[in-house]
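These are the residues of each chain, in order.
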Amino acid sequence: MNGIVKLNLLQFLLIYLLLLVVLAIMKKCKINQTKLLVVASMRMTAQLVLAGFVLTYIFKNPHPPFTVGYLVLMSGFSVYTVLSRNKDLNRRFKGVVALSLVTTGLAIVVFFITAVVKVNFFNPQYTIPISGMIMGNAMTGVSLGLKTFTQNIKTERGKIDTLINLGVTPQKILTPFVNTSLETALLPTLNSMLGMGVISLPGMMTGQILSGTLPTTAILYQIAIIIAITAVTCVSVFCSLFFGYRTLYNKRNQMII
Amino acid sequence: MTLFSLKGVKFKDIISYPNIEIEQGKTTFICGKSGCGKSTMLKLLNGVEAFDSGSLQYCGKEITEYDSIELRREVLLCGQSVYLFDGDIRENFKQFYAYRDLPSPDDNVIKDYLAVCSANFKLSTNCATMSGGERQRVFISICLSFAPKVLLLDEPTSALDENTSTELFENILRYCSKRDITVIAISHNTSLVRQFADATINLED
């Protein structure tokens, strides 16, 4: 297999032309998010360029503190993103979400790196990109799960109050909300598995193939990472909601939302 | 016998209740302007809201000493906003009973409770297509069917005309007095209060 074709700056800049197409369609459809598109593309570019330099440095100097530092930063950023998208949560709920996201994310990363791939956990070449994929997907799942949960609770407030008045326990009332939100958070991952390999060649596999890895090796990694992503989404959303919903009522079973 | 006794009860520094005693077996109406704390008082009585200071006793014992869920089942609050599940009347009884971990009553029992609440509809009637007043009566009949010791009614006739309101109250009070259920109600309808109140609590005084 050949190594990857290196992009020169001009070739690379050509891809930005596609953003002009997006911009034109947004203007035509009066989608008032032009600023977001510009800011998001610039932030994405800046963050990835920075990540490129930082990763190059870390790969050249693979000291454990660098890997750990990157993981801490990644976990912190994912927690921050989830919580900033769900500002209405109470403090204890936020704590539960942060803890669930970080512990389940890291546990699955550790399992993946040390038990499945069987390399040193502090090897940045494996740990950093794999944790990025796992934490990123956990973040999206938890965000979606929480959004669904809080929105449903808001729209069904009348039902909740009525059942509380009639002497139904908050656990019994809120558990169905947890279950529905978990299902909503899981569906995109489950659906994406259906089309994998036929409709889409996922990012990690594409990357490996482009850089010269045999497709047969690339698929093994891809299958492993997809299963890890499904697991982390399920467990992190479940823990966030299952332990989080208990912060919505007190010992006297009074709702505190 | 005194059923409830409130002494110096304050709620979130917004509402200060006067000292109040509510007698068992007497139909008590709570009156007062909007926002004076009538609905909150009912919520304090069945413990779904907490008060900040003072003493609130039920049957001579502080309300906080009771198991909160048992208390709510005994002192049942039929709230102001009516909630019914999608589906017909039978399905609604079934769903509410499932939430309370009880087997759904059979059709005849359901019909009896509907009759008490002047809601003689077919059990297969879809609740979504009912009027506000009809839904309100079905909801009250579900609440009543749980056989509480105290029934708290928050504006039970808000969506009903004068005649149906009177008929509903007559039926409910007759049913409750036979079964030793004490009724505490909020109503803006002064003629209902005049007709049915054994005692009145005016929160504006």
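Here the residue numbers are simple positions, counted from 1 along each chain's written sequence. Each chain takes a letter, starting from A, and each ligand takes a number, starting from 1, following the order in which they are written. With the structure being a predicted model, the display of local features is reserved for residues of pLDDT at least 70 and the display and counting of side-chain atom pairs for 80 or more, all residues being used for whole-chain, interface and lining totals. As a rule here, side-chain values cover all heavy atoms of the structure and leave hydrogens and water aside.

**Observations concerning the side chain of B:Asn46**
Move 1: Each helix is a run of DSSP H or I of at least 4 residues and each strand a run of E of at least 2, with the numbering of both proceeding from the N terminus. By the secondary structure assignment, B:Asn46 is in the loop between α1 (38-45) and β5 (53-58).
Move 2: The definition of a polar contact used here is a pair of N or O atoms within 3.5 Å, where within protein one atom must be able to donate a hydrogen and the other to accept one, and adjacent residues in sequence count solely through side-chain atom pairs. Looking at B:Asn46, its side chain comes within polar contact range of the main-chain oxygen of A:Asn165, at 3.2 Å.
Move 3: Polar side-chain contacts of B:Asn46 include one of 3.4 Å to the backbone oxygen of B:Val75.

**Overview of the pattern of salt bridges**
Residues and elements named next belong to chain B.
Move 1: Any carboxyl oxygen of Asp or Glu that lies within 4 Å of a side-chain nitrogen of Lys or Arg is treated as forming a salt bridge with it. What the rule picks out here adds up to five salt bridges over all chains.
Move 2: Across the pair Lys149 and Glu74 runs a salt bridge, and its minimum N-O distance is 3.9 Å. In this pair, Lys149 is assigned in the loop between α5 (132-145) and β8 (150-154) and Glu74 in helix α2 (residues 68-74), connecting sequence segments 75 residues apart.
Move 3: Note that Arg90 is salt-bridged to Asp107, the shortest N-O span being 3.0 Å. Placement of the pair is Arg90 in helix α3 (residues 89-99) and Asp107 in helix α4 (residues 107-116), with a sequence separation of 17 residues.

**Concerning the interface of chain A and chain B**
Move 1: Contacts: residue pairs with any heavy atoms within 4.5 Å of one another. Contacts between chain A and chain B engage 18 residues on the former and 26 residues on the latter.
Move 2: For the pairing of chain A and chain B, the buried interface totals around 1,800 Å² over both sides, and the portion due to carbon and sulfur atoms is 55%.
Move 3: What gets called buried area is simply the loss in accessible area from a 1.4 Å probe that two parts show on being joined, summed for both. Per-residue buried area on chain A facing chain B is highest for A:Asn165, A:Leu166 and A:Arg252; these three make up 37% of the total on that side.
Move 4: Our count for the contact surface shared by chain A and chain B stands at one salt bridge.
Move 5: Where B:Asp101 meets A:Lys172, a salt bridge forms, and the shortest distance between an N and an O atom there is 2.8 Å.
Move 6: Inspection of the region where chain A meets chain B yields 13 residue pairs in polar contact (both at pLDDT 80 or more).
Move 7: Among the secondary structure elements, those contributing two or more residues to the side of chain A that touches chain B are α7 (157-165) and α8 (170-195) of chain A.
Move 8: Take the side of chain A that touches chain B: its biggest share by element is six residues, from α7(A).

**Remarks on the packing of α4(B) against α5(B)**
All names here are of chain B.
Move 1: Note on geometry: axes are lines fitted to C-alpha atoms, helical ones only across the stretch in contact, with angles between N-to-C directions running from 0 to 180 degrees. The N-to-C vectors of α4 and α5 enclose an angle of 120 degrees; their axes lie 8 Å apart at closest approach. In terms of orientation, α4 lies oblique with respect to α5. In the crossing of α4 with α5, the sense of the turn from one axis to the other is right-handed. In this structure, α4 uses Tyr113, Leu114 and Val116 to contact α5, whose residues at the interface are Val138, Ser141, Leu144 and Ser145.
Move 2: Broken down by class, the residue content of the contact of α4 with α5 amounts to five nonpolar, two polar and no charged. By definition in this entry, angles of less than 35 degrees are roughly parallel, angles greater than 145 are roughly antiparallel, angles of 65 to 115 are roughly perpendicular, and the rest are oblique. Each crossing gets its hand from how the near helix is turned against the far one by less than a right angle, where anticlockwise is left-handed and clockwise is right-handed. Charged residues are taken to be Asp, Glu, Lys and Arg, nonpolar residues to be Ala, Val, Leu, Ile, Met, Phe, Trp, Tyr, Cys and Pro, and polar residues to be all remaining types, Gly included.

**As for the packing of helix α4 (residues 64-85) of chain A against helix α5 (residues 91-117) of chain A**
All names here are of chain A.
Move 1: Close contact between α4 and α5 brings their axes to 10 Å; oriented N to C, the two are set at 140 degrees. Compared by their axis directions, α4 and α5 come out oblique. Along this stretch, α4 crosses α5, giving a crossing that reads as right-handed. Touching Leu71, Ser75, Ser78, Val79, Val82 and Leu83 of α4 are Lys94, Val97, Ala98, Leu101, Val102 and Leu106, all from α5.
Move 2: Among the residues forming the contact of α4 with α5, the class breakdown is nine nonpolar, two polar and one charged.

**Some words on the sheet that holds β8(B)**
Residue and element names in this part refer to chain B.
Move 1: If DSSP finds at least two bridges between two strands, the strands pair. Here we have five strands laid out as an open sheet, ordered β7-β8-β9-β4-β10, and parallel in their pairing. If you trace the sheet from one side to the other, it starts and ends with β7 (75-78) and β10 (199-202), each paired once. Recorded for the sheet is a direction-independent mean angle of 15 degrees between the axes of neighbouring strands.
Move 2: In this structure, strand β4 (residues 28-31) lies alongside β10, joined through four bridges in parallel fashion. Within β10, the position partnered with Phe29 by the bridge is Thr200.

**A closer look at helix α3 (residues 34-60) of chain A**
Residue and element names in this part refer to chain A.
Move 1: Relative to the 39 Å expected for 27 residues at 1.5 Å per residue, α3 spans 39 Å between its end C-alpha atoms, a close match to the ideal helical length.
Move 2: Note on exposure labels: buried denotes an accessible area under 20% of the residue type's maximum, exposed denotes more than 50%, and partly exposed covers the range between, all computed with a 1.4 Å probe on protein chains only. Within α3 the residues assigned to the buried category are Leu37, Ser41, Ala51 and Ile58.
Move 3: As for α3, its buried residues are in contact with α2 (17-28), α4 and α6 (124-155). To estimate the expected span of a helix, subtract one from its residue number and multiply by 1.5 Å.

**Structural notes on the side chain of B:Thr27**
All names here are of chain B.
Move 1: Looking at the element boundaries, Thr27 is found in the loop between β3 (20-23) and β4.
Move 2: Its relative accessible area of 9% is what places Thr27 among the buried residues.
Move 3: Those residues within four positions of Thr27 in sequence are excluded, and the remaining contacts are Leu173, Val183, Phe196, Ala197, Asp198 and Ala199.

**Side note on a nonpolar patch on the surface**
All names here are of chain A.
Move 1: Patch criteria: residues need more than 30% relative accessible area and no salt bridge. Like-charged residues are merged within 9 Å; nonpolar side chains of Val, Leu, Ile, Met, Phe, Trp and Tyr are merged within 5 Å. For the area figures, the Shrake-Rupley method with a 1.4 Å probe applies, and any residue is considered shielded solely by the protein chains shown. A grouping of Leu7, Leu9, Phe12, Leu13, Ile15, Leu18, Val21 and Ile25 is seen on the molecular surface, where their side chains present a nonpolar patch of about 800 Å² in accessible area.
Move 2: Mapped onto the nonpolar patch, the elements with two or more residues apiece are α1 (9-14) and α2.
Move 3: On the accessibility criterion, Leu18 (53% relative accessible area) is exposed.

**Quick word on unusual backbone geometry**
Residue and element names in this part refer to chain B.
Move 1: Positive phi outside glycine occurs at Asp13, with the angle close to 55 degrees.
Move 2: Relative to the helices and strands, Asp13 is located in the loop between β1 (2-11) and β2 (15-16).
Move 3: A positive phi angle is found at Asp101, which is not glycine, with a value near 60 degrees.
Move 4: With respect to the helices and strands, Asp101 occurs in the loop between α3 and α4.
Move 5: Given a relative accessible area of 56%, Asp101 falls into the exposed group.

**Structural notes on the nonpolar core**
Move 1: In this structure, B:Phe4 and B:Phe96 are the most contacted members of the largest nonpolar core, which totals 119 residues.
Move 2: Setting aside residues up to four positions removed in sequence, B:Phe4 forms contacts with B:Ile20, B:Glu21, B:Ile22, B:Leu45, B:Leu56, B:Gln57, B:Tyr58, B:Ile63, B:Val75, B:Val150 and B:Ile184.
Move 3: Take the buried residues of types Ala, Val, Leu, Ile, Met, Phe, Trp, Tyr and Cys, join any two whose side-chain atoms come within 4.5 Å, and each joined set is a nonpolar core. In terms of nonpolar packing, the next biggest core, distinct from the first, is built from six residues, A:Ala51, A:Tyr70, A:Met74 and A:Ile128 among them.

**Concerning the state of the cysteines**
A covalent bond between the sulfur atoms of two cysteines is referred to as a disulfide.
Move 1: Any two cysteine sulfur atoms within 2.5 Å of one another count as a disulfide. This structure, assessed with the given rule, holds zero disulfides over all chains.
Move 2: Looking at A:Cys234, it has no disulfide partner, and the nearest cysteine sulfur is the one in A:Cys239, 9.0 Å off.
Move 3: Free of any disulfide, B:Cys78 has its nearest cysteine sulfur in B:Cys143, 3.5 Å distant.
Move 4: The class of B:Cys78 is buried, set by a relative accessible area of 3%.

Function cannot be read off these values alone, since they describe shape.
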